[in-house]
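# Inside the fold
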Amino acid sequence: MNEMEKVENYHATHLNSDATQINSPTHDVDIEKGQFSGSHGTSGSTTPQVAHSATEQNEKENDSDSASSSSQTEDDIGFAPISTHQTQPPHQTRPMSRQSHNTTFSHISRSRSNNGFGVDDLEDEAEKEEEGADAEAAAARSGAGETIKDEEEKRFEVGWEGGDSDPLNPRSMPTWRKWIIIAVLSIGSFAVTHASAIYTATYTQMNAEFHCSRIVATLGLSFFVLGIAMGPFWSPLAEFYGRRPIYICSFAGFLIWLIPSAVAKNIQTMIIARFFQGLAGSAFLSVSGGTVGDLFTREKFQLPMAIFALSPFIGPATGPLVGGLINTFTTWRWTYYFLIIWAGVLLACVVVLVPETYHPVLLKRKAVNLRKTTGDNRYHAPIERTTKSVASTLGNSLLRPFQLLLLEPMCLILDVYSAVLLGVLYLFFGAFPLVFRTNHGFNLWQVGLTFMGLGVSMVLAGCITPVWTRVRNGLAEKRFKKTGIMKGEPEDQLPPVIVGAPLITGGLFMFGFSTYPWVHWIVPIIGSSIFGLGMSFAFTGIFTFLVDAYPRYAASALATNALVRCSFAAAFPLFGIQMYEKLGYQWATALLAFLTLGMMPFPYLFFVFGKRIRARSKFATRS
C-alpha cells in the first residue's frame, strides 16, 4: 500500500469514528462543568486534525461522565468556557485568518431566568435518542463521503478564538465593565419589583380622588404581580433575538406604561396600566439573570449572581418606605413621576452601557462578518443550523410548566410552599399599616420604615450563601466516603429550606402575638425579620433544588414556580385586610403561621426520600 492509500484509509477510519462519537445521544448534560449539551449541532473545528485513539477514548469517557452527572448548584448556572478542541489532518493547514475554534451549540447555554436564576430547558431525551439514531443510520448509508462532508461543515463552524480570551467574547471584557453591566441590570430588576410595592403608599390619596374602595385599589397591586407571572414565558425570545433587544423593548414598555398611571383619571385606567407594567417588566426580570453567566466563568460566578439574585427581592421591601416619603410630602402622582424619571435613566443606561452578551447571537454576528470579509459562505454559527421555530419554542415554554405542576409532586409541593411565602409577604403590605397605625400611631413613611426589617434580613441571607455552599460540599464528601463517588445530589440543595422552615413559622408566630398596643413596636419588626430570613433561605434552596432535580427542564420548573408564586402573591392582598379585621391581628397571623407549619416537614421528607421519588419521575433526574 502506497503512502496516499494509507492516508486515505486513516482518514476514513478516524473521521467515521469522530462522526459517530459526535452524533452519539450520550452527549447530554455536563452538569459539573456547567454545560448543557443537546442535539442542536455538532462539535467541530475550523482547524481540523485527526485525533489519536487514546484521545478519542478519553473523550468517550468524559462523555459518559457527562451523561451520568446530575449535580448542579447555583454556581453552575450559565455558560461554561467555550470548548476549543481542535483537530488538524497532517496533510492540510489553513491560514490563521480563516481559522476558528469549534463551539458545540449545546455548550452555548440558552439561559432563561426568573429572579436571577438563569437556566435552560434541554432537549427531550427521546428526541435526542431519535436524532442520534437517525444520524448513525445516515452515516452508515452514506459512508465516508458523507462523513467527510460533515467534517467539512464542522470545519467552518465559527467559535471563539482562544475560548474566553477572544476579544468578541463577553467574558474577555474588563472586570470594571462587567460590573457596570451587572449594576445596571441589578438596579433595573430592583426597580421593577420596587414599583410593585411603592403603589401601596398611594391608596389614601388615590382612593379619595377616584372614589374607590380599598379592595378595588388593591387590584392594582394584584394585577401588577400577575403581569410579572407571565415573564418566564417571554424569555425564549432571547434565544432568537438576543438579550439586548429584550432589555430595551421590555424596559421601554415598562416606561411607557408608567405614563398612564401618572395621568390616570379613574381606577380602571390605573389597574390596566399596572398589569402591563408588570408584564413589560417581567420580561426584563426573566432574561437578565442569564447575562451573569454570559460575563463570568464558573469560578467567578457566585458573587455577581448573589448580588443580582438579591435585588428583585429587596425591591418590595423598600417600596413602602420610598412611597411613604413621597406621599407624605407631596401628591400621589409624584410616585409615578419618580418612577418615570428612574425608568428613563435606567433605559438610557441599558442602551448605552449594556451590549449584547448572548453567545450564540454574537457567534452569528461573527460568522456574518467572516462571510463578508472572506467571501466564503461556508462559515456559519451553530445557531444558524437550528431548526427550531419561535412558535414551537414558545409553545413548549407554555405547555411544559403545567406538565411539571400536574405530574411532579415534589415540584407541586415546593411551588405551593414558596407561593404561600410570597403571598404572605405581599399580604404584609396591607397588614403592616393596620398594625402599626392602629397600635402605635405611625404615619405613612414610618409604616414604610417597618419593612426595613424584611430588607435587612434578606441582605443577611445573601451574605450567608457561602455557608450553604460549604454544607453541600460536606454532604458530597460524606457521600464520597461511603460510595467512593464524589458527586452531589439535588437533595443537597434542601438544607437552607430545612433551616428556613422553622424560622418562617416562628417569625410569624412572634409577629402575630406581639401585635398588641402594649408591646413595643420593635418586637413585631424583629418577628418579621426572622420570617424574612427564613423565607430567603427557603427561596434559595427551592430554586436551586428545582434546577438540580429537573436539569433537563430547569427553565420550565422555575417558570412553574414563578407562575404559582405570583398567583398567590396576587390573591393574598385581596383578602388580607378583611382577614385581619375579622380574626384579629394575632389570630390572622397565626393562621398564616399554621399554614407554614403544615408544610414544614416536606423539605425534610424530600431531603430523605427525594432520591426514591425522583426514581419514579418522568421528568426528574434519576442519577
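Quantities reported herein were computed from a predicted structural model and do not represent experimental measurements.

## Digging into unusual backbone geometry
Despite not being glycine, H211 has its phi angle at roughly 55 degrees, a positive value. Along the chain, H211 falls in the loop between helix 5 (203-210) and helix 6 (214-229). Residue H211 is classed as exposed on the basis of its relative accessible area of 74%.

## Points about the confidence of the model for the protein chain
Averaged over every residue, the pLDDT of the protein chain is 76; the share at 70 or more is 73%. With pLDDT under 50 throughout, residues 1-131 is counted as low confidence; its partners more than four residues away or in other chains account for 341 contacts.

## So, the pattern of salt bridges
Overall, the coordinates contain six salt bridges when judged by the stated rule. The shortest N-O distance in the salt bridge between D294 and R243 comes to 2.6 Å. Within this pair, whereas D294 is found in helix 9 (residues 267-295), its partner R243 is found in helix 8 (residues 243-263), the two being separated by 51 residues in sequence. The exposure class assigned to R243 is buried, which follows from its relative accessible area of 0%. Here K611 makes a salt bridge to E489, at a shortest N to O gap of 3.4 Å. Here E489 lies in the loop between helix 17 (465-483) and helix 18 (495-512) and K611 lies in helix 22 (residues 601-615), a separation of 122 residues in the sequence. Owing to a relative accessible area of 4%, E489 belongs among the buried residues under this scheme. A single network of salt bridges, built from pairs that share partners, joins E489, E491, K611 and R614.

## Digging into the packing of aromatic side chains
Counted by the stated rule, this structure contains 33 aromatic pairs. Here F428 and F511 contribute two aromatic rings whose centre-to-centre distance is 5.3 Å and whose plane-to-plane angle is 45 degrees, an arrangement assigned as tilted. Here F428, found in helix 14 (residues 409-440), pairs with F511, found in helix 18; they are 83 residues apart in sequence, far enough to count as distant. Plain terms: the ring middles of F428 and F531 are 5.6 Å apart, the flat faces sit at 70 degrees to each other, and that makes the pair edge-to-face. Within this pair, whereas F428 is found in helix 14, its partner F531 is found in helix 19 (residues 522-549), the two being separated by 103 residues in sequence. Through successive ring pairs, a cluster of aromatic residues spans Y426, F428, F429, F432, F436, F442, F451, F511, W521 and F531. Here R565 stacks its cationic end above the ring of F539, 5.9 Å away from the centre of that ring.

## A closer look at the packing of helix 14 against helix 22
One can describe the packing of helix 14 onto helix 22 by two numbers: an axis separation of 11 Å at closest approach and a directional angle of 160 degrees. What the angle tells us is that helix 14 and helix 22 run roughly antiparallel. Along this stretch, helix 14 crosses helix 22, giving a crossing that reads as left-handed. Where helix 14 abuts helix 22, its residues P409, M410, I413, L414 and Y417 lie against F602, P603, F606, G610, I613 and R614. Looking at the contact of helix 14 with helix 22 residue by residue, the class counts come to nine nonpolar, one polar and one charged.

## Describing helix 8
End to end, helix 8 covers 31 Å across 21 residues, agreeing with the expected 30 Å (1.5 Å per residue, within 8%). For helix 8, every residue scored as buried is listed here: R243, I246, Y247, S250, F251, G253, F254, L255, L258, S261 and A262.

## A word on the nonpolar core
Counting residues in hydrophobic clusters, the biggest one holds 119 residues, and the most contacted among them are Y199, M206, M270, F428, F531, Y550 and Y580. Examining the composition of this core, we find that 18 residues originate from one element, helix 14, more than from any other. Every residue in contact with F531, bar those within four places of it in the chain, is listed here: L421, V424, F428, L454, L503, I504, G507 and L508. Counting 10 residues, the second-largest nonpolar core is a separate cluster that includes F156, A367, Y379 and A381.

Definitions and limits used
Residues numbered from 1 in each chain as written. Predicted model: local features only at pLDDT ≥ 70, side-chain atom pairs only at ≥ 80, totals over all residues. Heavy atoms only, no water. Helix = DSSP H or I, 4+ residues; strand = E, 2+ residues; numbered from the N terminus. Buried < 20%, exposed > 50% of the residue type's maximum accessible area, 1.4 Å probe, protein only. pLDDT = per-residue confidence, 0-100. Contact = heavy atoms within 4.5 Å. Salt bridge = Lys/Arg side-chain N within 4 Å of Asp/Glu carboxyl O. Phe/Tyr/Trp six-rings, centres within 6.5 Å; stacked < 30°, edge-to-face > 60°. Lys NZ or Arg CZ within 6 Å of the ring centre and 35° of its normal. Axes fitted to C-alpha atoms, helices over the stretch in contact; angles between N-to-C directions. Parallel < 35°, antiparallel > 145°, perpendicular 65-115°, else oblique. Left-handed = near helix turned anticlockwise from the far one by under 90°. Nonpolar A, V, L, I, M, F, W, Y, C, P; charged D, E, K, R; others polar. Expected span 1.5 Å × (residues − 1). Core = buried A, V, L, I, M, F, W, Y, C linked by side-chain atoms within 4.5 Å.

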